[in-house]
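If you want the building blocks of each chain, they are given just below.
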Amino acid sequence: MSRLKTIILVIVILWIIAFIASKLLGTFIPERIVTDGIAVIPIHGEISIEGSSITPFIAQGASSTRIVEDIKKANENSGIKAIILDINSPGGAVVASREITTAVKNSNKPVIALIREVGASGAYWIASASDKVVADELSITGSVGVIASYIEFAKFFERYDLKYQRLVAGELKDIASPFKELTPQERILFQKKLDLIQEIFIDDVSKNRNLSPEQITEIKRGNFYLGREALDLNLVDSLGNKETAINLAKELAGIKDGSIVEYKEKKSIFDLFRDTFSSLFYYMGRGIGTELKTVNLQPELDIAAR
Amino acid sequence: MQRNIKKLLPLKKASPWKRLFAFLIDLTIVNLIVLQPLESLTKKFLPSTENFINLYSSIASSNIAALSIIAFLTGILTFLYWAILDYKLQETPGGIIFHLKTKSLLNKNLKFSQSLTRNITKISLPLLAIDSIFILTTTNGQRLFEKLSNTITTE
């Protein structure tokens, strides 16, 4: 082998070893050293305990397990002086949202919630627990309520001669099953649960934001509000963007310059495939749907009728 | 040993200055290319501050294990660069520019064990500096580990 080829080969092989080693080390030791750091923790997508979706091929939401862990790491890192929650979420599961809210309340650093496109329902619950809430004028927030609606298939089954065989031990075991009609008694029971959850939700939000009785009455309706409206209702503290949130964070932390530390969700190779497939399946479905709409089936139906 | 050195006498003992510049060229190649993937990792563990006192205290209170592993890895890759090229070609890119070659005093061809031994101090610059002081004390300009590995750098 020529001299030049040998030199290039050796350099390339050593570079590859360095590359693999840096990736492995980066995985095991993720914490960056900072002095006056501001941690930015993303809360993107629907909130659930594991952030998982129904199938492995649909993009993940926000995992409360991961977010609580990130908040804990930021609290333990002496170089981090403040935390910004980058929120773009329509809400999600009750317990998952509450786990994050509790972690935010127990944080020993100033926490600023930045609401981007959407920060509603459970996501707003989390934001309300922060020291300050920043939203864009047109951000969607509020929606302080609980939803458990579903599609009931009972009549649909009757039409096609399908029967739901009810085999339960415990009268209310299949309450809210989509395969049978919801009885009035079941509706009342279910509604009581939803009202209880909302009561706890409203109570916490009103304490977090020091809301007046009038404001509580307004948000109890479960309405959503644009940023500007939310400011009038004392649901947010200021209108702005990431820059505004960073300046607030520096002010609350008492630091002059802060370096931003993004706590990004680590994606495995499988997560990358999942995100790719998610987009792929969406566009495939959209394409098929468009094709079906444009195909003119009428001539075939005319022939069949004749 | 004496007969071997006499055979090499027609070959000029490498000038320390040429060796130094060749080393600097190779070190540049190692830092710019070979160690480039470790750069982002190193930055992660070095605090972004212009204040030396903050820098020192941050390093002192930070993940020493992680920094040690990175330092060790850097040393190993640097060492391997020289050891492999010395064994395969008896020269490095820096050596090629200044016409420097590595020769074995025992055999016709340089053995891998000899290449490993003579370059072991390249794991750490302070070690290499101490090793290089011996160039001033030996007649044929050998570093200590060149003497121990029975090798010599010639022009």
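Predicted model only: the values in this text are computed from it and were never measured. (Residues numbered from 1 in each chain as written. Chains lettered and ligands numbered in written order. Predicted model: local features only at pLDDT ≥ 70, side-chain atom pairs only at ≥ 80, totals over all residues. Heavy atoms only, no water.)

K.L.:
I'd like to hear about the overall build of chain A, residue by residue, with values.
P.N.:
Helices and strands together make up the secondary structure of chain A, namely eleven helices and ten strands. Within chain A, the fraction of its 306 residues that count as buried is 38%. Considering only intrachain contacts with a sequence separation of at least 6, the fraction spanning at least 24 residues in chain A is 72%. Split by element, the accessible area of chain A, about 18300 Å² in all, is 59% carbon and sulfur. (Helix = DSSP H or I, 4+ residues; strand = E, 2+ residues; numbered from the N terminus. Buried < 20%, exposed > 50% of the residue type's maximum accessible area, 1.4 Å probe, protein only. Contact = heavy atoms within 4.5 Å. Areas by Shrake-Rupley, 256 points an atom, 1.4 Å probe, with all protein chains shown as cover.)

K.L.:
Give me the lowdown on the pattern of salt bridges, citing residues and values where you can.
P.N.:
Going through the model one piece at a time under the given rule, you end up with 21 salt bridges over all chains. The shortest N-O distance in the salt bridge between A:Glu218 and A:Arg221 comes to 3.1 Å. Residue classification places A:Glu218 among the partly exposed positions, given a relative accessible area of 23%. Accessibility expressed as a relative area gives 60% for A:Arg221, which makes it exposed. Between B:Arg143 and B:Asp131 there is a salt bridge whose closest N-O contact spans 2.4 Å. Placement of B:Arg143 in the loop between α8 (125-133) and α9 (144-148) and of B:Asp131 in helix α8 is noted, with a sequence separation of twelve residues between them. Note on B:Asp131: relative accessible area 2%, which makes it buried. (Salt bridge = Lys/Arg side-chain N within 4 Å of Asp/Glu carboxyl O.)

K.L.:
Give me the pairing of strand β10 (residues 259-262) of chain A: which residues, what numbers.
P.N.:
All names here are of chain A. Residues Ser 259 and Val 261 line the buried face of β10, whereas the alternating positions Ile 260 and Glu 262 sit on a face that is not buried. Note that strand β1 (residues 37-44) and β10 share four bridges and pair parallel. Bridge pairing in β10 links Ala 39 to Val 261. (Pairing = 2+ DSSP bridges.)

K.L.:
With reference to specific residues and values, describe the packing of aromatic side chains.
P.N.:
Within the structure shown, the criterion is met by 13 aromatic pairs over all chains. Seen from their ring centres, A:Phe157 and A:Phe179 are 5.7 Å apart, and the 15° between their planes marks the pair as stacked. Of this pair, A:Phe157 sits in helix α5 (residues 154-159) while A:Phe179 sits in the loop between α5 and α6 (184-209), and the two are 22 residues apart along the sequence. The exposure class assigned to A:Phe179 is partly exposed, which follows from its relative accessible area of 38%. Ring geometry for B:Tyr81 and B:Trp82: centres 5.3 Å apart, planes at 85°, overall edge-to-face. In this pair, the class of B:Tyr81 matches that of B:Trp82, namely buried. Here the aromatic residues A:Phe153, A:Phe156, A:Phe157, A:Tyr160, A:Tyr164 and A:Phe179 are joined through ring pairs into a cluster of three or more. (Phe/Tyr/Trp six-rings, centres within 6.5 Å; stacked < 30°, edge-to-face > 60°.)

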